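# Coordinates in review
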Amino acid sequence: MTIQRTFSIIKPDATKRNLTGKINAKFEEQGLRIVAQKRLRMSRLQAQAFYAVHKERPFFGELVEYMVSEPVIVQVLEGENAVLKNREIMGATDPKKADKGTIRAEFGIDIGNNSVHGSDSEENAAIEIAYFFSGLELVG
Ligand code: CMP
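A few points on the structure. Treat the numbers as computed from the prediction; the structure is a model and nothing was measured.

### Digging into unusual backbone geometry
Leaving glycine out, the prevailing phi sign among residues is negative, and the prevailing peptide bond configuration is trans. Backbone geometry at Asn81 places phi at a positive 45°, although glycine is not the residue there. Summarising the element assignment, Asn81 is placed in the loop between strand E3 (72-80) and helix H5 (82-90). Phi angles above zero are rare outside glycine, and Ser115 is one such case at about 70°. With respect to the helices, strands and loops of the structure, Ser115 is situated in the loop between helix H6 (103-107) and strand E4 (116-118). Residue Ser115 is classed as buried on the basis of its relative accessible area of 0%.

Structure, rendered in C-alpha cells:
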C-alpha cells in the first residue's frame, strides 16, 4: 500500500458556482483525505509561476487571467495512490472527454473552466504542495 500526497486546486469556475463542498465530497467519498486546505486569491505572479510549464502555449494568458479571476481552494489530498486516484476522480482535462461521474464531467464547463487541477506525478505533487504550504500546515 502506497500512501501518497497530491496537490489539488478547486478552480475559479467552481468556487464562483459554490461547488466546493460537492467537489470535495467526491474526493472524500472515494478515499482521499484533505490534510491541508486554504481559500485564496492567486496573484498574477503566483499563477504565472505555478503554470510556468505552459508559458509557451497559446492559452497561457487566458489560463492566468482565469486563475486570478475568482478565489481558489488550494489543498493537499492524502491516500492510497493519491496522485493517480485524484486524476481518476477528476476525469480528463476536457470535460467533454471525461468519464461519467468524474468531477470534470459533472461540473466542468469547458477545457479552460474545468473546475479542478491535480498534480500529474508524485514529483510535481511535492513541488506544487511546497509552493502553497509549509510542512507545519499539513495535518494528516
Ligand atoms: P490543469 O490540469 O490545471 O493544467 C493546465 C490547464 O490548462 C488545464 O488544466 C486546463 O484548464 C488548461 N488548458 C489546457 N488546454 C487548454 C486549452 N486548449 N485552452 C484553454 N485552457 C487549456
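Let us keep going from here.
### Points about the sheet that holds E3
Spatially, the 4 strands line up as an open sheet ordered E2-E3-E1-E4, and their pairing is antiparallel. Each edge of the open sheet carries a strand with a single partner, namely strand E2 (33-40) and E4. Taking each pair of neighbouring strands and ignoring which way they run, the sheet shows an average axis angle of 20°. Bridge count for strand E1 (residues 3-10) against E4 is 3 bridges, and the pairing is antiparallel. Counted as the bridge partner of Ser8 is Gly118 from E4. In the packing of H5 onto the sheet, contacts are made with E1, E3 and E4, and the angle to E1 comes to roughly 35°.

### What to know about H5
Of all the residues in H5, the buried ones are Ala82, Val83, Asn86, Ile89 and Met90. Seen from one end, H5 has its buried residues packed into an arc of 130°, which puts them on one side. Within H5, the exposed residues directed more than 90 degrees away from the buried face are Leu84 and Glu88. Looking at the buried positions of H5, the neighbouring elements they touch are E1, helix H2 (20-29), E3, H6, E4 and helix H7 (122-132). Looking at the residues trailing H5, positive phi occurs at Gly91, about 85°.

So, how was this worked out
Residues numbered from 1 in each chain as written. Predicted model: local features only at pLDDT ≥ 70, side-chain atom pairs only at ≥ 80, totals over all residues. Heavy atoms only, no water. Helix = DSSP H or I, 4+ residues; strand = E, 2+ residues; numbered from the N terminus. Buried < 20%, exposed > 50% of the residue type's maximum accessible area, 1.4 Å probe, protein only. Pairing = 2+ DSSP bridges. Axes fitted to C-alpha atoms, helices over the stretch in contact; angles between N-to-C directions. Contact = heavy atoms within 4.5 Å. Arc of directions from axis to C-beta.

Bear in mind that shape data such as this cannot, by itself, settle questions of function.
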